[in-house]
Amino acid sequence: MNNRSKEIIEEAISQGKWTWLEIDSNSNSLYLEFENLKLSSQTIFDNSYRGELAIRFGQNIYLSLFYNEKEDLSFLHFKEDYLNHIIDSKEFIIEKFPYFYQEFSNPIVKFKFQDYDYLSEVIRKYGHKQDLVDKRSENKNYDFLLCFECENIAIVVGGDFVNCFNDFESLDDDEIKRISNNWVLYYLDYWNKKGTDKEYAEDLLCEEFPLK
């Protein structure tokens, strides 16, 4: 993934929602899916598009949550006794759940790749840290870093490989540019038709930055 692809994804996801987490210890991989993004695999003809993107991290995977109150972790839907157990014992969830999947809807407030200054900011900002997965090698390094924040938590993900998927198809740099361009063309058409008898239903992603 080149730098332009990272910039496109950062911009698209920074106003989206984190919608599910999947961890597969056996394949040493984890997936995060995001929706309500300024991305589309198809030409957009109305504003019912999902704007989804999944990001997979593989090998040397690491996932940590930063939070201030235990209740901030409620989106994982753990039973209270198990949540207390992993907080107190610092046990990784893959010890109990080699395969873990959960859906939720957490609005994103900031999203960055390979930004170690932002990682330092996250570490300073939150009072507690919970490592959910750590399959790194002894040197604790990984090649790709992702940090993002939702309303009350921050998420740090690492791994040696990263891939993006849309409609279950892997996206290369050209495809990432294409799905971004599809949304931009829709955005331009949205504003060109605004106020006419062909205008789209209101789209808050388009309305945030009116075309002038």
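Visitor: Describe helix α1 (residues 3-13), naming the residues involved and giving the relevant values.
Guide: Taken together, the buried positions of α1 are occupied by Ser5, Lys6, Ile8, Ile9, Glu10, Ala12 and Ile13. In this structure, the buried side of α1 is in contact with β2 (29-35), β3 (53-58), β6 (110-113), β8 (144-149), β10 (161-166) and α4 (173-192).

Visitor: Got a sec to walk through the sheet that holds strand β4 (residues 62-67)? Specific residues and values, please.
Guide: Each strand in a sheet pairs with its neighbour through backbone hydrogen bonds, running either in the same direction (parallel) or in the opposite one (antiparallel). The strand order across the open sheet formed by five strands is β6-β8-β9-β4-β7, and the pairing between neighbours is antiparallel. The open sheet has two edge strands with one neighbour each: β6 and β7 (128-134). Pairwise comparison of adjacent strand axes, ignoring direction, gives a mean angle of 10 degrees for this sheet. Where β6 and β8 come together, four bridges link them in antiparallel fashion. Bridge pairing in β8 places Phe111 opposite Phe148. This element, α1, spans β6 and β8 of the sheet and lies at about 165 degrees to β6. Strand contacts of helix α3 (residues 116-125): β4, β6, β8 and β9 (153-159), with the helix running at about 45 degrees to β8, the strand carrying the most contacts.

Visitor: With reference to specific residues and values, describe the sheet that holds β2.
Guide: Strand order in the open sheet formed by six strands is β5-β1-β2-β3-β10-β11, and the pairing between neighbours is antiparallel. With partners counted over all chains shown, the strands left at the sheet margins are β5 (99-107) and β11 (169-171), one partner each. Going across the sheet, the axis of each strand differs from the next one's by a mean of 25 degrees, ignoring polarity. Note that β3 and β10 share five bridges and pair antiparallel. Pairing of Arg56 across the sheet is with Asn163, part of β10. On top of the sheet, α1 reaches β2, β3 and β10; it is set at about 125 degrees to β3, its chief contact. Across the sheet, α4 lies against β3, β10 and β11, angled at about 95 degrees from β11, the strand it touches most.

Visitor: Describe the pattern of salt bridges, with residues and values.
Guide: Following the criterion strictly, the structure yields 12 salt bridges and no others. Between Lys70 and Glu80 there is a salt bridge whose closest N-O contact spans 3.7 Å. Of this pair, Lys70 sits in the loop between β4 and α2 (80-89) while Glu80 sits in helix α2; the two residues are 10 residues apart in sequence, bridging distant segments of the chain. Note on Lys70: relative accessible area 28%, which makes it partly exposed. Assessed through its relative accessible area of 55%, Glu80 is described here as exposed. Connected via shared salt-bridge partners are Glu33, Glu35 and Arg50.

Scoring rules and cut-offs
- Residues numbered from 1 in each chain as written.
- Predicted model: local features only at pLDDT ≥ 70, side-chain atom pairs only at ≥ 80, totals over all residues.
- Heavy atoms only, no water.
- Buried < 20%, exposed > 50% of the residue type's maximum accessible area, 1.4 Å probe, protein only.
- Helix = DSSP H or I, 4+ residues; strand = E, 2+ residues; numbered from the N terminus.
- Contact = heavy atoms within 4.5 Å.
- Pairing = 2+ DSSP bridges.
- Axes fitted to C-alpha atoms, helices over the stretch in contact; angles between N-to-C directions.
- Salt bridge = Lys/Arg side-chain N within 4 Å of Asp/Glu carboxyl O.

These results come straight from atomic positions and should not be treated as a statement about function.
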